[in-house]
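Below are the chains, spelled out letter by letter.
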Amino acid sequence: MIIKLFLVIFCISILTITEKAQAQSQSFLEMGPDKVRKMLNEKFLAIEAEKPEVWKVENITIKNDDRTTPLRIYKPNDQKDLPIILYIHGGAWVAGNLDTHDNLARYLCRDVQALVVSVGYLNPPEGKFPVPLEQCYDALLWIVDNATTLNTTSSRLAVVGDSAGGGMAAALCLEARDRKGPKIELQVLINPVVDNTWGGTLQPQGDEFDSERWIATQYVKDPKDTSNPYVSPIFAKDLSNLPPALIILAEKDMFRKDAQKYADRLLASGVHTNVYTQYGIGHLAGNGARASKQAQQSLDVAVAALRGAFREKNQ
């Protein structure tokens with residue numbers, strides 16, 4: 001009972017939550033997106049962790065075409081020319097928001113000493129692909145266009161994402177390259193989901209991937225879209241000329257093998273890529289979001305990489 005309670009409270013992984021739901025004879029499919037979102041968000045917010053103090057937090061809304069996107073801006077101090085991190089939260093696409101991942105954004109802001117812009121993209125199924133990714137691209141363009149107003153510089157710009165947000169961060173780098181958009185100095189992908197095809201079908205198969213198949217059906221309009229590189233970056237034919245990457249893995253994460261394959265492909269394509277694996281743990285969905293003690297080992301690796309990239313750019 002104690003172990004089970006520990007797992008529920010600390011939400012070690014999306015898989016753990018899935019198993020709990022199945023134990024209650026209620027699959028994600030039976031629960032529906034609203035209940036799944038409520039459950040996951042409550043679990044994220046229930047994790048007890050230090051709330052890092054930062055100098056200033058501001059909520060704004062940007063608009064591009066018919067898309068309206070909330071952003072939360074974190075500033076570590078009042079200095080000018082701070083580096084910028086565009087942060088894309090995880091949460092299985094259907095869940096996660098600016099509040100569930102507030103701690104992680106604060107952690108990056110305080111420890112990297114960077115201005116962090118967190119994107120409140122529209123969760124599926126209300127926000128189907130490509131809308132959430134386009135909102136992230138809108139935020140990227142907004143950062144560059146408003147760097148002067150922010151008293152900073154877009155010449156030192158990184159993208160960070162965790163879990164589903166890690167896959168979106170990888171896709172955003174592909175999109176920025178393909179559109180000849182803003183230059184990104186580093187992509188940090190924390191336990192990223194880079195393959196959403198799940199064996200080539202989104203129909204339930206009665207195996208351990210059925211919850212992930214359901215999640216994918218919420219994100220895409222057409223099952224064929226799962227092989228789109230902007231949904232599953234591992235299917236990109238060309239991975240050259242992308243930003244240097246740090247890919248953070250967890251030993252017991254079900255997404256680890258795909259993320260490692262993606263890292264190997266980046267290296268083979270000439271992209272400077274570092275891989276860090278934290279052993280003995282599973283997918284850091286909830287723990288990473290709340291920047292718990294368990295997550296900090298991986299997050300500190302991300303902090304060091306970001307500080308190093310920004311320092312090199314400043315020299």
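As a reminder, the structure under discussion sits directly above these lines.
Numbering of residues starts from 1 in every chain and runs along the sequence as written. It should be noted that, the model being predicted, local features are given only for residues of pLDDT at least 70 and side-chain atom pairs only at 80 or more, the latter also being counted only at that level, while totals for whole chains, interfaces and linings use all residues. Values reported for side chains reflect all heavy atoms of the structure, with hydrogen atoms and water molecules removed beforehand.

Undergrad: Sorry, what's going on with unusual backbone geometry here?
TA: Trans is the common state for peptide bonds, and a negative phi is the common state for residues other than glycine. The omega torsion of the bond from Pro124 to Pro125 falls at 5°, within 30 degrees of zero and hence cis. A run of DSSP states H or I qualifies as a helix once it reaches four residues; a run of E qualifies as a strand once it reaches two. Both are numbered from the N-terminal end. Along the chain, the position of Pro125 falls in the loop between strand 4 (115-119) and helix 6 (131-145). Phe129 connects to Pro130 through a cis peptide bond whose omega is 10°. Locating Pro130 in the fold gives a position in the loop between strand 4 and helix 6. For Ser163, which is not glycine, the phi dihedral falls at a positive 55°. Looking at where Ser163 falls in the secondary structure, it is placed in the loop between strand 5 (152-162) and helix 7 (164-178). When a residue's accessible area, from a 1.4 Å probe over protein chains only, is under 20% of the maximum for its type it is buried; when over 50% it is exposed; and in between it is partly exposed. Taking the relative accessible area as the measure of exposure, Ser163 reaches 4% and is therefore buried.

Undergrad: What's the story with the sheet that holds strand 2 (residues 67-75) in this structure? I'm lost.
TA: Adjacent strands of a sheet form backbone hydrogen bonds with each other and so pair up, either parallel or antiparallel. Spatially, 1-2-4-3-5-6-7-8 is the arrangement adopted by the 8 strands of the open sheet, whose pairing is mixed. Each of the sheet's edge strands pairs with one partner strand only, and the pair in question is strand 1 (56-64) and strand 8 (273-278). Adjacent strand axes in the sheet meet at a mean angle of 20° when their direction is disregarded. Across 5 bridges, strand 3 (residues 82-88) lies against strand 4 in parallel orientation. The residue bridging Tyr87 from the neighbouring strand is Ser118, located in strand 4. Working rule for contacts: check all heavy atoms of both residues, and any pair within 4.5 Å makes them a contact. Here an axis means a line fitted to C-alpha atoms, over the contact stretch when the element is a helix, while the angle between two N-to-C directions is reported on a 0 to 180 degree scale. Relative to the sheet, helix 7 contacts strand 3, strand 5 and strand 6 (186-190), its axis offset from that of strand 5 by approximately 135°. Against the sheet, helix 9 (residues 256-268) contacts strand 6, strand 7 (245-250) and strand 8, and its axis sits at roughly 155° relative to strand 7. Pairing between strands is defined by DSSP: at least two bridges between the two strands are required.

Undergrad: Which parts of the structure should I look at to understand the layout of surface pockets?
TA: In this approach a probe as big as a water molecule rolls over the atoms, and the regions it shows empty are the leftover space. Definitions used throughout: a 1 Å grid over protein atoms alone; a cavity as a set of points that fits a 1.4 Å probe which cannot get out; a pocket as an open set with protein on both sides within 12 Å along at least five of seven lines; a lining residue as one with an atom within 4 Å of a point. Grid points are joined across faces, edges and corners, and a volume is the space filled by probe spheres set on the points. For the largest pocket, the calculated volume is near 240 Å³. What lines the largest pocket is Glu185, Leu186, Pro244, Ala245, Leu246, His272, Asn274, Ala305, Gly308, Ala309, Glu312 and Lys313. Elements with a contribution of two residues or more to the lining of the largest pocket: strand 7 and helix 11 (293-314). Tallying contributions element by element places helix 11 first for the lining of the largest pocket, with 5 residues. Side-chain classes are defined by residue name, with Ala, Val, Leu, Ile, Met, Phe, Trp, Tyr, Cys and Pro counting as nonpolar, Asp, Glu, Lys and Arg as charged, and the others, Gly among them, as polar. Residues of the lining of the largest pocket, tallied by class, amount to 6 nonpolar, 3 polar and 3 charged.

Undergrad: What's the story with the side chain of Thr273 in this structure? I'm lost.
TA: Structurally, Thr273 is set in strand 8. For Thr273, the contacting residues outside a window of four places in its chain are Ala245, Ile247, Ala263, Leu266 and Leu267.

Undergrad: What is the right way to read the pattern of salt bridges from this model?
TA: Two side chains carrying opposite charge are able to pair once their charged atoms lie near each other. Each salt bridge in this description consists of a side-chain nitrogen of Lys or Arg and a carboxyl oxygen of Asp or Glu lying within 4 Å of one another. Under the criterion given, the structure shown has 13 salt bridges. Note that Glu50 and Arg110 form a salt bridge whose closest N and O atoms lie 3.0 Å from each other. Taken as a pair, Glu50 in the loop between helix 4 (33-46) and strand 1 and Arg110 in helix 5 (residues 102-112) lie far apart in primary sequence, 60 residues in all. The class for Glu50 is partly exposed, based on a relative accessible area of 45%.

Undergrad: Which parts of the structure should I look at to understand the nonpolar core?
TA: One broad trend across soluble globular proteins is that nonpolar side chains are buried collectively. Residues enter a nonpolar core if they are buried and are Ala, Val, Leu, Ile, Met, Phe, Trp, Tyr or Cys, with the set joined through side-chain atoms within 4.5 Å. One finds Leu86, Leu172, Ile247 and Tyr262 to be the most contacted residues of the largest nonpolar core, which totals 68 residues. Filtering out sequence-adjacent residues up to four positions away, Leu86 remains in contact with Val117, Val119, Cys136, Ala139, Leu140, Ile143, Ala158, Val159, Val160 and Leu172. Val54, Ile85, Val116 and Val188 belong to the second largest nonpolar core, which has 30 residues in total.

Undergrad: Help me understand the pairing of strand 2, please; the structure alone is not making it clear to me.
TA: Moving residue by residue along a regular strand, the side chains alternate between the two faces of the sheet. Of all 9 residues that make up strand 2, 7 are buried, and the element is covered over most of its length. Here 9 bridges tie strand 1 to strand 2, and the two strands are oriented antiparallel to one another. The residue of strand 2 that forms the bridge with Ile60 is Leu71. Hairpin connection between strand 1 and strand 2: a loop of 2 residues separates the two successive antiparallel strands, and Asp65 in this loop has a positive phi of roughly 60°. Strand direction decides the pairing type here: strand 2 and strand 4, joined by 4 bridges, are antiparallel. Residue pairing for strand 4: Arg72 is matched across the bridge by Ser118.

Undergrad: Would you take a moment to explain the packing of helix 6 against helix 7 for this structure?
TA: In helix packing, the relevant descriptors are the interaxial angle and the interaxial distance, both defined with respect to the helix axes. It is the contact of helix 6 with helix 7, at a shortest axis distance of 10 Å, that shows an interaxial angle of 65°. As for how helix 6 packs across helix 7, the hand of that crossing is right-handed. In contact with Pro132, Leu133, Glu134, Cys136, Tyr137 and Leu140 of helix 6, helix 7 contributes Met168, Ala171, Leu172, Glu175 and Ala176. Each residue belonging to the contact of helix 6 with helix 7 can be placed in one class, and the counts come to 9 nonpolar, no polar and 2 charged. Handedness of a helix crossing follows the sense of rotation of the near helix relative to the far helix, less than a right angle counterclockwise being left-handed and clockwise being right-handed.

Undergrad: Is there a simple way to explain the side chain of Asn191 in this structure?
TA: By the element assignment, Asn191 lies in the loop between strand 6 and helix 8 (210-219). Asn191 gets classed as buried once you look at its relative accessible area, which sits at 2%. For the purposes of these results, a polar contact is taken to be a pair of N or O atoms within 3.5 Å, where, inside protein, one atom must be able to donate a hydrogen and its partner to accept one; residues adjacent in sequence count only when each atom of the pair is a side-chain atom. Of the polar contacts made by the side chain of Asn191, one reaches the backbone nitrogen of Leu284; its length is 2.9 Å. Every residue in contact with Asn191, bar those within four places of it in the chain, is listed here: Ser163, Ile248, Leu249, Ala250, Asp253, Gly282, His283 and Leu284.

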